[in-house]
Amino acid sequence: MTHSLKKKVAFIGLLFIVFIQAYLNQTVSRMDLLWLEPPAERQQRFDPLLYQTLTFGYLPTGIDWILIQCLVDTTMNQVLPGKHSLFYYQLELLTDLDPGFFDAYYLGGTLLAVIQHDGQGAKNLLLKAENFFKNQLSSYPEKFRFQYWSHPWTLNILQAYVHLFLLGEMHEAASYFSKAAQYSDAPVYLSRLVKKFLKVGGEYEVALNLVEFLARATKDPRVVDEHRHKYQELLKAKYLFDFNQSFLDFRIRQKARAHKIDNNRNDDWKNFLNSKHLTGLDPWKGQLSLGQDGKIQTTTHHEAVFGLE
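First things first, this report covers the structure right here in the doc.

Reading guide: rules and limits
- Residues numbered from 1 in each chain as written.
- Predicted model: local features only at pLDDT ≥ 70, side-chain atom pairs only at ≥ 80, totals over all residues.
- Heavy atoms only, no water.
- Helix = DSSP H or I, 4+ residues; strand = E, 2+ residues; numbered from the N terminus.
- Buried < 20%, exposed > 50% of the residue type's maximum accessible area, 1.4 Å probe, protein only.
- Contact = heavy atoms within 4.5 Å.
- Phe/Tyr/Trp six-rings, centres within 6.5 Å; stacked < 30°, edge-to-face > 60°.
- Lys NZ or Arg CZ within 6 Å of the ring centre and 35° of its normal.
- Axes fitted to C-alpha atoms, helices over the stretch in contact; angles between N-to-C directions.
- Parallel < 35°, antiparallel > 145°, perpendicular 65-115°, else oblique.
- Nonpolar A, V, L, I, M, F, W, Y, C, P; charged D, E, K, R; others polar.
- Core = buried A, V, L, I, M, F, W, Y, C linked by side-chain atoms within 4.5 Å.
- Expected span 1.5 Å × (residues − 1).

### Focus: the overall build of the chain
For the chain, the count of helices and strands is 13 helices and two strands. Of all 309 residues assigned to the chain, the portion counted as buried reaches 39%. Contacts spanning at least 24 positions in sequence make up 63% of the contacts within the chain whose residues lie at least 6 apart.

### Some remarks on the packing of aromatic side chains
Evaluated as defined, the whole model comprises 21 aromatic pairs. Taken together, a centroid distance of 5.9 Å and an interplanar angle of 80° make the contact between Phe165 and Phe306 edge-to-face. Taken together, the positions of Phe165 in helix α8 (residues 153-166) and Phe306 in the segment after β2 (296-298) put the pair 141 residues apart, joining distant regions of the chain. These aromatic residues form a ring-pair network of at least three members: Phe102, Tyr105, Tyr106, Phe132, Phe133, Tyr140, Phe144, Tyr148 and Trp149. Directly above the aromatic system of Tyr176 lies the positively charged group of Lys179, at a separation of 4.4 Å from the ring centroid.

### Looking at the packing of helix α10 (residues 188-198) against helix α11 (residues 202-216)
Helix-helix packing is characterised by the crossing angle of the two axes and by the distance between the axes. At a minimum axis distance of 6 Å, the contact between α10 and α11 shows a crossing angle of 130°. Classified by the angle between their axes, α10 and α11 sit oblique to one another. From α10, Leu193, Lys196 and Phe197 reach across to α11, where they touch Gly202, Glu203, Glu205, Val206 and Asn209. Looking at side-chain class alone, the contact of α10 with α11 contains three nonpolar, two polar and three charged residues.

### Section: the nonpolar core
With 24 residues, the main nonpolar core has Met170, Phe177, Phe197, Leu234 and Phe306 as its most contacted residues. Contributions of two or more residues to this core are made by α8, α9 (170-181), α10, α11 and α12 (221-258). In terms of residues, this core owes the most to one element, α9, which gives six residues. Leave out the neighbours within four places in its chain, and Leu234 touches Ala207, Leu208, Val211, Val305 and Leu308. Formed by 19 residues, the second largest nonpolar core is a distinct cluster that contains Ala122, Ala129, Leu137 and Leu158.

### Quick word on helix α6 (residues 119-135)
Every α-helix carries 3.6 residues per turn, so stepping three or four residues along brings you back to the same face. For α6, spanning 17 residues, the distance from its first C-alpha to its last is 24 Å, which sits close to the expected 24 Å at 1.5 Å a residue. Every buried residue of α6 is listed here: Gly119, Gly121, Ala122, Leu125, Leu126, Lys128, Ala129, Glu130 and Phe132. Its buried side turned inward, α6 meets α4 (86-97), α5 (102-114), α8 and α9.

### Focus on the environment of Thr300
The residue Thr300 is located in the segment after β2 in this model. Along the backbone, Thr300 and Lys236 are 64 residues apart, and their C-alpha atoms lie at a distance of 8.6 Å. Leave out the neighbours within four places in its chain, and Thr300 touches Lys236, Asp282, Trp284, Lys285 and Gly286.

Right under this line is the structure:
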């Protein structure tokens, strides 16, 4: 085949891919909508097998075309809760066709999280990366692993960010920070952070320090007030956590002294208050009581912050 003929074949293949992409997207495109303004949201995944079949052997070029579309996407806006953008589904298709594409996971996950505030979408994409790392990466050449996947801990940190700031799940965030800290080339601050998480009540300490730092880092009065509010809610949550821990320690000591398998919880609660000379009120004048689940609760209104309550 001559060089000229090869160029013609490649050009025809690229045209096929353009038409294929238009076909795959038309379910979310309005007939009177220009491609310069693609729909912001979509409810359906692309079929990777169909896309691969219709590239007629030009899959690498097809993958490049999807990447180009992602790079020129003009709909980088926040998505509604429970929704995903066209950009998310393009990333899903891209990583279905090329599961080892590290930058698609890292950069795509970052844009989904920071720009579009699509926490669930970013989480899904990063879980996909985690699955590839665990089950498939070892079968790839060492040169590929070194060149593209030499710092997998960065994905763990990004997943921790998603769980902490977008999904409000401090426990999951702590788990991913711990995973990241296990790598020898991970930043030193991660090991110090993990040590704080391992302490009893460490998650509350980390959360309080984080919110305090965020409040100092901004000059916007509204944002400062928001972080101060979160700080007060975290103080309430930490108080309840510490109070419950103190009550649990008291019950364990009571059991040891009485040599009983199980003491009466309500009696222990009364004895606990008497031993501490407590009135049954928290610092915010809320009434403390023992709940049906055996945990101490309060009538003081409090909100969960980062999933801590």
